[in-house]
Amino acid sequence: MTKIYAVTGSNKGIGYATVKGLSEKVPNAIIYLLARNTSLGETALANLKSESNGKQISEVKFYQLDITKDESCQRFAEYLKSTHGRLDVLINNAGIIADKSAPVDVQAVETMDVNYYGTKRITNALLPIIRPGGRIIVLCSLMGIMDGSGYHAKFNLGAYSETLRQKFNSTTFTEKDVDDFVAGFIRLAKEEVKTGEPKRKQGGYLESAYPVSKAADIAYMKSLARAVKDRNINVYGCCPGWVATDLNSHSGPFTTEEGADTPIYLATDENLPNGKFFSERKVVEWPETKYDVNKVRMP
């Protein structure tokens, strides 16, 4: 049976490399290159076919998708259902880092709208058609670890409160708990703008929206894995590494092909533990970890 893959935000960067890698690794599949901008998506598709130089063993198609819009997500779900009747693998790659010159409340809202709510929006739209044995992969980050060590210290990000860490250091937290975590961060960012007081820090959060969004993504991945276990759908999260992309002004030491390695591994390997967070194909415990993140190839 032909497998159907969908990769969000894949007109460039890690998403593009993931689509390209899958098309050259997985035989007889259909892979959807998804992008918000139609012109950029169609150009990416043309470039991919040219760069693959006959190496593709699967078909790649472009479909316009904006994960911040309910109607766009539902339209794609209906298209897949009517065209294929199902989806096998969803790779949630789309993500942003907000303009750091913007007010902190704007950064919080914009970052969460794409990185967290957008991931949930497209996942919820497609869940009804993901077949038993299917997979959902969420691209996260080691910055989403909550114990305050490693990159939190390296980038002077601060640490989460014990209360927040303990909330997620369990196997019983729910998607609502993650929603509350995200909503709390946004609320405190808005209060901070009004009062000038460090409300996010006082509330036990980091002060940067991006790592908070990635902690939320990992938590969502874990809660989702428990929720869909009975449907025999596996859910994984991963850090692709510090990849040189537009997201970081091309400052990372990883190539996009290297960044795509773990997402492709999670999409194709048959022997993976469900509901786990991976970095460089290795399981990383979360929210606190004994994994030495300082050994990972990052700046």
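In this text, all values refer to a predicted model and were calculated from it rather than measured experimentally. (Residues numbered from 1 in each chain as written. Predicted model: local features only at pLDDT ≥ 70, side-chain atom pairs only at ≥ 80, totals over all residues. Heavy atoms only, no water.)

### Quick word on helix α3 (residues 70–83)
Here is step 1: Spanning 14 residues, α3 covers 20 Å between terminal C-alpha atoms, matching the ideal 20 Å at 1.5 Å per step.
Here is step 2: Buried within α3 are the following residues: Ser 72, Cys 73, Phe 76, Ala 77 and Leu 80. Angularly, the buried residues of α3 cover 135° about the axis, an arc narrow enough to put them on a single face. Along α3, exposed side chains directed more than 90 degrees from the buried face belong to Asp 70, Glu 71, Glu 78, Lys 81 and Ser 82.
Here is step 3: Of the surrounding elements, those touching the buried residues of α3 are β1 (4–7), β2 (30–35), β3 (59–64), β4 (87–92) and α5 (117–126). (Helix = DSSP H or I, 4+ residues; strand = E, 2+ residues; numbered from the N terminus. Expected span 1.5 Å × (residues − 1). Buried < 20%, exposed > 50% of the residue type's maximum accessible area, 1.4 Å probe, protein only. Arc of directions from axis to C-beta. Contact = heavy atoms within 4.5 Å.)

### Quick notes on the pairing of β1
Here is step 1: Both faces of β1 are covered, namely the face carrying Ile 4 and Ala 6 and the face carrying Tyr 5 and Val 7.
Here is step 2: In this structure, β1 lies alongside β2, joined through four bridges in parallel fashion. Note on β2: the bridge partner recorded for Tyr 5 is Ile 31.
Here is step 3: For β1 and β4, the ladder comprises three bridges, and the chain directions are parallel. Bridged to Ala 6 within β4 is Leu 90. (Pairing = 2+ DSSP bridges.)

### Considerations on the pattern of salt bridges
Here is step 1: Per the stated rule, a full pass over the model turns up 16 salt bridges.
Here is step 2: The residue Arg 165 makes a salt bridge to Glu 162 at a minimum N-O spacing of 2.5 Å. One end of the pair, Arg 165, and the other, Glu 162, are both in helix α7 (residues 162–168), three residues apart, so they sit about a helical turn from each other.
Here is step 3: Look at Arg 165 and you get buried, because its relative accessible area is 15%.
Here is step 4: Residue Arg 281 is joined to Asp 261 by a salt bridge in which the shortest nitrogen-to-oxygen separation is 2.9 Å. Highlighted residues: Arg 281 in the loop between β7 (277–279) and β8 (282–284) and Asp 261 in helix α11 (residues 256–268), separated in sequence by 20 residues.
Here is step 5: With relative accessibility at 41%, the residue Arg 281 sits in the partly exposed group. (Salt bridge = Lys/Arg side-chain N within 4 Å of Asp/Glu carboxyl O.)

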